Amino acid sequence: MRLTRSLIPTIKETPAEAQIVSHRLMLRAGMIRQQSAGIYAWLPTGLRVLHNIANIVRAEQARAGAQEILMPTIQSADLWRESGRYDAYGPEMLRIRDRHDREMLYGPTNEEMLTAIMRDSVQSYRDLPQMLYQIQWKFRDEVRPRFGVLRGREFYMKDGYSFDPDYASAVASYRRMMLAYMRTFQRMGVRAVPMRADTGPIGGDLSHEFHILAPTGESGIFYDSDFEHMDWIHSLPGYDDPSEIDIFYDQITQTYAATDEKHDLNSWADVPELRRREGRGIEVGQIFYFGKKYTEAMGFSVTGPDGSKIHPEMGSYGIGVSRLTGAIIEASHDDAGIIWPDAVAPFRAAILNLRQGDATTDKLCEDLYAGLGDAALYDDRPARAGEKFADADLMGHPWQLIVGPRGAATGQVELKRRRTGERAELSLTDALAKVLA
RNA sequence: CGGGGCGUGGCGCAGCCUGGUAGCGCGCUUGUUUUGGGUACAAGAGGCCCCCGGUUCGAGUCCGGGCGCCCCGACCA
């Protein structure tokens, strides 16, 4: 993308309303613009990050055997009356009426709707298990939205649902999802730590929250430093072998991690002192097993092997996709701006033409741009070097390709790594190879 | 939902107490200048002062009502 033809409205001064760093940086980098309290428009670079995160989620869901669907944002109140949650949910649920005065709502979650879909479509235990998910906008009318996209009222969320014929199968689904989540967050370039959690209004008796480690996190967390070394991408347990999944699950759940509310001093004392870590975390996902709560309430049953009716066991699995954009920034930034992990960055590299209009630098930049295509943001503004450096640092591209008259004369490009500040003078070919590696 | 604060060119703010031609910095446009970390100079453009009502000869300023947004706390993917 050429910067002169893009809507990337970076700003130098910090907007007054933004208190925390990710909110400030998202506004300053031109990723989002606020429309109402807790409601944001996503501009081109912000949306690219949102899509990158969503696509990592998709890839890992597919690997775990989940199928993507898309359900409507607007739901009927009657559906929620079936489960009893229409009255139970409270003012967080945005209730609306259509022109015929029918009661509707903007979905805060979708257990009821998918249970109804399954009820209409699945009659036999042979059709189970099923794991389905969507990535869709949700609305929860928070009393006090804040922290930009970390605590918005409208948010983009991956919500998945499992349906199993019996308890053992349901637990296996739960464990598979936990593995998928660990891989998902690791691929995004951040560390997530799973912790036992309360089930809250969704109900059920098994739940974990996933927190990203960030000094500005909302909750205090305690964890074993072993979590910092676990690698679920390069040493992937097999999804198809339940015993491998169980080994994974045991390793995760036997390693200490707790939010300050659930912190247990006795178990903490069992963690070797050198491995004890105290920090702060941002919750970016939560998974639940809740059994037959909805299938019974809504009358979803299948015929079992012996011909009797059984209510499937359910679990649900959430990832805050829009929240993750902010959470990753909280975990990865410096005084100059965002430092995007490669996997989610809106562009792999920025091309900085320090002397726009100079035939030599222009040519070199155009060649780089041709080699990188959509992976690059070409800063072709007729602006001063300092401004281009500042904006590139602010936007946080993993690589900066700096082209000035000095090096351009000999065909050299300066390649800077945003995260480390490392710089190297390279030929065009070598620079491209390194960025695309 | 309790407590506090703020709405003035795109952004950050002053002006309000004590009513009388709407200002500053940044940004934007044009020209010159500068050219590896937000250059300097000059000339410009741009404002229903959140909305409605009241007081007054006159309201950004005073009074009443509304709306919006932010912060602290309780609550939450």
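Going by the structure above, here's the rest.
Residues numbered from 1 in each chain as written. Chains lettered and ligands numbered in written order. Predicted model: local features only at pLDDT ≥ 70, side-chain atom pairs only at ≥ 80, totals over all residues. Heavy atoms only, no water.

## A look at the protein's contact with RNA strand B
Step number 1: RNA strand B sits among 40 residues. The nearest are R144, E283, R384, E387 and E414.
Step number 2: Within the backbone of F389, a nitrogen or oxygen atom sits 3.5 Å from a base nitrogen of RNA strand B.
Step number 3: Looking at the surface near RNA strand B, the elements with two or more residues in it are strand 1 (32-36), strand 13 (276-291), helix 12 (385-395) and strand 22 (412-417).
Step number 4: The leading source of residues in the surface near RNA strand B is helix 12, at seven residues.
Step number 5: The residue makeup of the surface near RNA strand B, split by class, is 10 nonpolar, eight polar and 22 charged. (Near = heavy atom within 4 Å. Polar contact = N/O pair within 3.5 Å; in protein donor to acceptor, adjacent residues only side chain to side chain. Helix = DSSP H or I, 4+ residues; strand = E, 2+ residues; numbered from the N terminus. Nonpolar A, V, L, I, M, F, W, Y, C, P; charged D, E, K, R; others polar.)

## Some details on the layout of surface pockets
Step number 1: Taken as a whole, the largest pocket encloses approximately 1200 Å³ of empty space.
Step number 2: What lines the largest pocket is a set of 45 residues, and nearest its centre among them are R140, E209, E283, Q286 and R323.
Step number 3: The set of elements that each furnish at least two residues to the lining of the largest pocket consists of strand 8 (154-164), strand 9 (192-196), strand 10 (206-213), strand 13, strand 16 (313-320) and helix 10 (321-331).
Step number 4: Its residues placed into classes, the lining of the largest pocket shows 15 nonpolar, 15 polar and 15 charged.
Step number 5: As a volume, the second largest pocket reaches approximately 230 Å³.
Step number 6: If you trace the second largest pocket, you find 14 residues lining it, with R196, T253, T255, Y256 and A257 closest to the centre.
Step number 7: Among the elements that line the lining of the second largest pocket, the one with the most residues is strand 9, at three residues. (1 Å grid on protein atoms, 1.4 Å probe; cavity = no way out; pocket = protein on both sides within 12 Å on 5 of 7 lines; lining within 4 Å. Points joined across faces, edges and corners; volume = space filled by probe spheres on them.)

## Topic: the pairing of strand 19 (residues 349-353)
Step number 1: With five of five residues buried, strand 19 lies mostly within the body of the structure.
Step number 2: Burial along strand 19 is two-sided: the face carrying A349, I351 and N353 and the face carrying A350 and L352 are both buried.
Step number 3: The pairing of strand 19 with strand 20 (residues 376-379) spans four bridges and is parallel. Paired with A349 across the strands is A376, a residue of strand 20.
Step number 4: Handedness of the crossover joining strand 19 and strand 20 through helix 11 (residues 359-372): right-handed.
Step number 5: Bridging between strand 19 and strand 21 (residues 399-403) involves five bridges; their strand directions are parallel. (Buried < 20%, exposed > 50% of the residue type's maximum accessible area, 1.4 Å probe, protein only. Pairing = 2+ DSSP bridges. Right-handed = clockwise from strand over helix to strand, strands pointing away.)

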